Amino acid sequence: MKHDSRLAKKIAAGDFIVTAELLPQASTAILEIEAAISSFGNGITAVNVADNPHGPLLSSLAGSLVLVKAGMEPVYQIVTRDRNRIAIQSDLLGACALGIRNVLCLSGHHQALTGSPESANVYDIDSIQLIAAVKQMRDQHVLLDGTAIKGDFPVLIGAVAGPDMKPLELNILRLAKKVEAGAEFIQTQAVFDVEAFERWLEQARNQKITENTAILAGVMPLSGYQEAETLRDHYMDLSIPDSIIERLKKAGDKGAQKKEGLNICLETIRKMKKMDGVKGIHLLSGGKEKRVSEIIASLEK
Amino acid sequence: MIVAERKTIPELVDILEGHKKILVLGCGTCVTVCLAGGEREVSIISSALRIASRAKNLSFEIEELTIERQCDNVFIEEAAKAVERNDVVLSLGCGAGVQAIAERYPAKPVYAGLNTSFIGILEERGIWAEKCAACGACVLDQYGGICPVTRCAKHMLNGPCGGSREDRCEVRPDRPCGWQLIYQRLKSIGQLDRLKRIVPPKNWAPSLGGGCRVIVREDHRI
């Protein structure tokens, strides 16, 4: 049994896939997660549970289990920043034992960029080594130290990509390595520069990467031009063109800007749907999960 | 070389408060070159401590001395008499120097006057940068002579992270992304194919993962 997830089945069936992201809180109130899940509705195939992107929050493992319990399929995110190979493999075994079937492997935001810059990092392994480790656990039933795993480990392996990372040659080389290591789906960073994304996708197609993995293009509704400027200035992995910021500015007051942000997002999704090599979208909201439901509702109209 | 920085005078005063006869001991090797603990810094720090002592009525009596290498017993001997006639030693050597002095004089308090920072080089006047993490299993041959363990904030061995952009590192935007340098270097020497290989997890045992490191050279043991 290689896979046992709805996401894997949808990828295999060629359906257009919609995934979303859930940002847990520094909270023990599971009700908050359940409320966020219910706001997503039925249009979502799987929900990523972020692994402490900005500092300590409820863990991605615990959040993923809440989703499993609620009948929603999680994508369990694992960053290599905070755990060494012992802890990561141990958590992976536990996650699989408790019903988690999708894993997203990433290095994670460096702790210097989180609310805990004074903490030590681990980075025992990098994201590509994590992908390869999960694949080894699944396909060969052995841990990195050679210990045999009892029972099935039927997880779907995902990774991330940043279409805006330059130079393109290095970007694609890294993407190709992730897929070669075992990434069966790729969720991209939020795309705002659609033309740059198309150039990236074309390179991925040329190297037959899109045939060997499912690209889920990241999209994110912007709330207004100020948010857009903050994201552009603080996250090197996001490229927001001036034309988008101008469009938001011209929209008018905050309410109008929010609406325009949603329009831009919907336009981007419609363009993505037509692109050869895009198998779906990944809805990012930076913790504003209600905005995801607005997008889903608008798409279904 | 080993690069270090001076602790601040208030920090040193805190460390030394309660002691009277203090030997400020400099080192003539790495920390002299990086302008942290050589003869010149011994003089400056001693003067500052004397001023602080007068201002706070601490009655410090400070002697100054700089030896060639604090991490070498042959040179440490040169400090024996000065160490004996003082109550404590404020070492301006690196962490190895401080501990070598402390081991040689077990009955004498020895304090570190520097923060030992890294193995690096002088990049330009007044700027020192880390180049080696002393991981114990050098991979420079695979990366065009640029170390991903040291120069990537995440020690990534298979390529850059998503925070690499326009030659800058997301963690330190004032510094180049180590991976962009590796890519450019391998491209210019015709070895870009090296980057296509999936590098397995690194064995960190020769690094700090194995506890205090010791090298035994049987051919040099008598």
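Residues numbered from 1 in each chain as written. Chains lettered and ligands numbered in written order. Predicted model: local features only at pLDDT ≥ 70, side-chain atom pairs only at ≥ 80, totals over all residues.

**Some details on the environment of Gly93(B)**
What counts, and what does not: Numbering of helices and strands runs from the N terminus, with a helix taken as a DSSP run of H or I at least four residues long and a strand as a DSSP run of E at least two residues long.
Residue placement: Gly93(B) occurs in the loop between strand S4 (88-91) and helix H6 (95-104). Separated by 61 residues in sequence, Gly93(B) and Thr32(B) have C-alpha atoms that sit 9.0 Å apart.

**Focus on the sheet that holds strand S7 (residues 127-132) of chain B**
Residue and element names in this part refer to chain B. Test applied: Between any two strands, at least two bridges found by DSSP are needed for them to pair. Fitted lines through C-alpha atoms serve as axes, helices being fitted only where they are in contact, and the angles separating the N-to-C directions of these axes extend from 0 to 180 degrees.
Spatial strand order, S1-S6-S7: three strands in an open sheet with antiparallel pairing. Two strands in the sheet have a free side with no partner beyond their single neighbour: strand S1 (2-6) and S7. Neighbour-to-neighbour, the strand axes of the sheet open up by a mean angle of 70°, direction not taken into account. As defined by bridge partners, strand S6 (residues 114-124) adjoins S7 across five bridges and the pair is classed as antiparallel. Within S7, the position partnered with Glu124 by the bridge is Ile127.

**Focus: helix H2 (residues 30-40) of chain A**
Residues and elements named next belong to chain A. Going by this rule: Backbone-placed C-beta atoms define the burial measure: a residue is buried with 20 or more other C-beta atoms within 10 Å of its own, exposed with 12 or fewer, and partly exposed in between. The reported arc concerns the directions from the helix axis to the C-beta atoms and nothing else. Contacts are defined on C-beta atoms placed from the backbone: any two residues whose C-beta positions lie within 7 Å are in contact.
Buried within H2 are the following residues: Ile33, Ala36 and Ile37. End-on view of H2: buried residues confined to an arc of 100°, all on one side of the axis. In H2, the exposed positions that point more than 90 degrees away from the buried face belong to Leu31, Ala35 and Ser38. Buried-residue contacts for H2 involve strand S1 (17-22), strand S2 (46-49), helix H3 (60-69) and helix H12 (289-300).

**Considering the interface of chain B and chain A**
Basically, it comes down to this: Amino acids outside the nonpolar list (Ala, Val, Leu, Ile, Met, Phe, Trp, Tyr, Cys, Pro) and the charged list (Asp, Glu, Lys, Arg) are all regarded as polar, and Gly is one of them.
Contacts between the two partners involve 23 residues from chain B and, on the opposite side, 26 residues from chain A. A breakdown of the residues in the side of chain B that touches chain A according to their chemical character gives twelve nonpolar, six polar and five charged.

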